[in-house]
Each structure stands twice: as structure tokens, then as C-alpha cells.
Amino acid sequence: MLKVGVFGVGHLGKFHLNNWKEIEGVKLVGFYDPDNETARMVTEQYGLKRFSDEKKLMDACDIVDVIAPTTYHFDLCMQAVRKGKHVFVEKPLAHTIQEGRDLVNMVREANVKMQVGHVERFNPAYLAIRDMSLNPMFIEVHRLAQFNPRGTEVSVILDLMIHDIDIILSLVKSDVKHISASGVAVMTDTPDIANVRIEFNNGCVANLTSSRISMKKMRKIRLFQKDAYIGIDFLEKKTEIIKLKGADDRNVFSFDIETPNGKKTIAIANPAVQPLNAIKLELEAFVDSIVSNKPTVVSEIDGFLAMEVAHQILDKINNTSILV
Ligand SMILES: NC(=O)c1ccc[n+]([C@@H]2O[C@H](COP(=O)([O-])OP(=O)(O)OC[C@H]3O[C@@H](n4cnc5c(N)ncnc54)[C@H](O)[C@@H]3O)[C@@H](O)[C@H]2O)c1
């Protein structure tokens, strides 16, 4: 039985508590959160022990689950890794590039498992198209959210866009060649809305828009490749594939169309999206990587690479935009 300690039981931390309770082979031993009111509610609601000393909780568990604000990730992860604990840390891996780099080195030296909470990798809409042969050459991304003070200790790039950066880096098997970016700080001191163009060495171009000051929510990625358009709606949990011929078994209907190059068959499919709980899946995958001693699905290196691109974007914005 792996013992889990949860560090930070705010908004997302409570989702983690609920899911850890459902996962086989693990036992929650307690939580650490400096906020007395939050801690009181969690003790009452979950009957879970509150530790007032973070070191004592770390000593009592095998898995340290870090869901504190981003600025505390490094310190908590560093302590845990030095104690030889496996760490699940929410995205972004850390606040600064140096912190991220240090964590990658520490994890390697300590030979422990670390997974970063890029939960969209476990979104059922994304899982539904993962077996397709994906080679996108143009990617259009929109992630829009209503304003919420939670998460604003970092920019919209590290708060929201980093989810899409991680997905794109996992899809495009090529190095980043050039980034251009523009962003505006409206409600906070850092960019709240941004538009970014990432060019890759293989010719793929990704155009990302993220906002945390929108009136309505949206989380969509559209992939365009030589033979297909693939739309993934992370919020509505829907996928759509429009392909040139090659009908497969994914609810396809097709029709013919005359083109200057002769008749083409267009096939449209909506692959079935399973009603899965992405947070539970990511935590289960982490446990499995520990038990089976295999790499984590979203490693500290993946988390660092996403951070690195995010910071390049921030540098571009700081050099080219007017932060109002
Ligand atoms: N993967 C996702 O989709 C997703 C979604 C939301 C938040 N997050 C990430 O989760 C983290 C927490 O976000 P949230 O929305 O739950 O924030 P929150 O403000 O609701 O909760 C954070 C909690 O951490 C506690 N805390 C502060 N300092 C701490 C410390 N040193 N040690 C332990 N706990 C501490 C706070 O008292 C608070 O209860 C952030 O890193 C955020 O980026 C990820």
C-alpha cells in the first residue's frame, strides 16, 4: 500500500483527495495546508489528519502530491525528492526555469518518479484520437476562461497556455524554430491574454490564443494535416475527424466531391469519447509507473520542456508588447 500526503487542499487539492480515496493500492495519510479555515473544512469533511509540519508529513508518506500555488512547487518538490519520495506536482512544474532545471537534475539523481499534472493528456477527447496517425502541419488553439483570482500568481501563459504547449510538444515531433508572441496584462500585473505563433523545424506552425478574462469558456485544439482535419474539444469532450477517403470504423459517413484533381471522397467521423475522469486516470497512471517501475506519462522533463517554451513566450511578450 503506497502512502500519500497531499500538500495544498484548495480548489484542485480537494479533487485530488476525492480521487485518491477511489484509487486502489494507495492510502491517504494526511495533508498539509497553511490556511487554517481550509484545513478545518478538510479535516471535518474528509476526516483526514492535518499535519502542521510539512517535513513530518513527507516522512510519513511514499507519494508527495503537490497542489500548492506554483510559487511553492519548487520548495515542496525539492524537499520531497531529497527525502527519496515520489512526487506528483501540479502544472507548471515550477515557477522559474532555474527551479525547473534543478528539479529535473534532482529527480534523476534521487532515482524517484515525478509526474507533472498536465491533465489534458488524460482528457477523454484527446485519448479518443491518440491511436490516429498524427502529423499536424498547422495547429489552431483556443483556451479561454472567465476571470478567477486563483492561479493569477503566474501569467496566463504559465497558468493556462502551458496545457496546450504540453499537448503540442507531445504531438509535434520536432524542435521549436521560432516563437512570436503578443500579450496584454489587463486584470493582473502579468499577461492575462496572449496570442502566440510557434514555428517548428519540420514546418508545422501552431497558433495559440489563451485568455483568462473571457466572458465564455473554450478549450479547443484543431489539427490540420495532409489527409485530415482533427478537432478536439477538451471542454465539451468531443472530437471530429474529417478525412480524405480512408473511411474507418469511427461513426463515419462519407460523400464524394469533384475537385480539379478528380473525384475525392470525404469521410466524417466522431470517434466515441469515453466518460472518463481525467484526474483519476492521471493519478492511477502515476501509481502504475511507481508500482511497475516505468516512466511517468508526463515526466519532469516534459514539464520542464513545456515551461521552457512558456518562458520563451514570456520573454517575447516582455520584449515586444505593451503591458497595460
Ligand atoms: N491541472 C489543472 O488543470 C489545474 C487546474 C487548477 C490549478 N492547477 C494548479 O494547482 C495548483 C493549485 O491551484 P488551486 O486552483 O487549487 O489553488 P488554490 O488557491 O485553490 O489552492 C491552493 C492551496 O494551497 C495552499 N498552500 C499555500 N501555500 C502552501 C504550501 N507552502 N504548502 C502547502 N499548501 C499551500 C493554500 O492555502 C490553498 O489552500 C497550482 O499550481 C495550479 O497551477 C492545475
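Residues numbered from 1 in each chain as written. Predicted model: local features only at pLDDT ≥ 70, side-chain atom pairs only at ≥ 80, totals over all residues.

### Regarding the overall build of the protein chain
Then step 1. Secondary structure summary: the protein chain contains 9 helices and 14 strands in total.
Then step 2. Expected size for 324 residues packed as a compact globule is a radius of gyration near 20 Å; at 21 Å, the protein chain falls within 12% of this value.
Then step 3. Oriented by its inertia axes, the alpha-carbon framework of the protein chain measures out at about 70 × 45 × 40 Å.
Then step 4. A total of 324 residues make up the protein chain; the buried ones form 40% of that total. (Helix = DSSP H or I, 4+ residues; strand = E, 2+ residues; numbered from the N terminus. Rg over C-alpha atoms; globule rule 2.2 N^0.38 Å. Buried ≥ 20, exposed ≤ 12 C-beta atoms within 10 Å, placed from the backbone.)

### What to know about the domain arrangement of the protein chain
Then step 1. When the domains of the protein chain are assigned, the result is domain 1 (2-118 + 279-297) and domain 2 (121-276 + 308-320).
Then step 2. Placing a centre on the C-alpha atoms of domain 1 and another on those of domain 2 gives a separation of 28 Å.
Then step 3. For the side of domain 1 that touches domain 2, the residue count by class is 5 nonpolar, 5 polar and 2 charged. (Domains from an automatic or database assignment. Nonpolar A, V, L, I, M, F, W, Y, C, P; charged D, E, K, R; others polar.)

### Quick notes on the sheet that holds strand β8 (residues 193-200)
Then step 1. The strand order across the open sheet built from 9 strands is β7-β8-β9-β6-β10-β11-β12-β14-β13, with neighbouring strands paired in mixed fashion. Taken across any chain shown, the strands that pair with only one partner, and hence form the sheet edges, are β7 (176-184) and β13 (253-259). Within this sheet the neighbouring strands show an average axis-to-axis angle of 10°, counted without direction.
Then step 2. Sheet topology note: the β7/β8 ladder contains 8 bridges and is antiparallel. Among the inter-strand pairings, Val-184 is bridged to a residue of β8, identified as Ile-193.
Then step 3. Strands in contact with helix α7 (residues 156-171) are β6 (138-144), β8, β9 (205-211) and β10 (218-225); relative to β9, the strand with the most contacts, it is inclined by about 150°.
Then step 4. Along the sheet, helix α9 (residues 300-320) makes contact with β7 and β8, crossing β7 at roughly 55°. (Pairing = 2+ DSSP bridges. Axes fitted to C-alpha atoms, helices over the stretch in contact; angles between N-to-C directions. Contact = placed C-beta atoms within 7 Å.)

### Quick look at the environment of Ile-23
Then step 1. Its location among the elements puts Ile-23 in the loop between α1 (11-22) and β2 (26-32).
Then step 2. A count of 16 C-beta atoms within 10 Å places Ile-23 in the partly exposed class.
Then step 3. A C-alpha to C-alpha distance of 6.8 Å links Ile-23 and Glu-284, two positions 261 residues apart in sequence.
Then step 4. In contact with Ile-23, not counting residues within four places along its chain, are Lys-280, Leu-283, Glu-284 and Val-287.

### Considerations on the site of the ligand
Then step 1. Surrounding the ligand, one finds 24 residues, the nearest of these being Gly-8, Gly-10, His-11, Leu-12 and Asp-35.
Then step 2. Here the shell around the ligand takes 3 residues from α1, the largest share from any one element. (Near = placed C-beta within 6 Å.)

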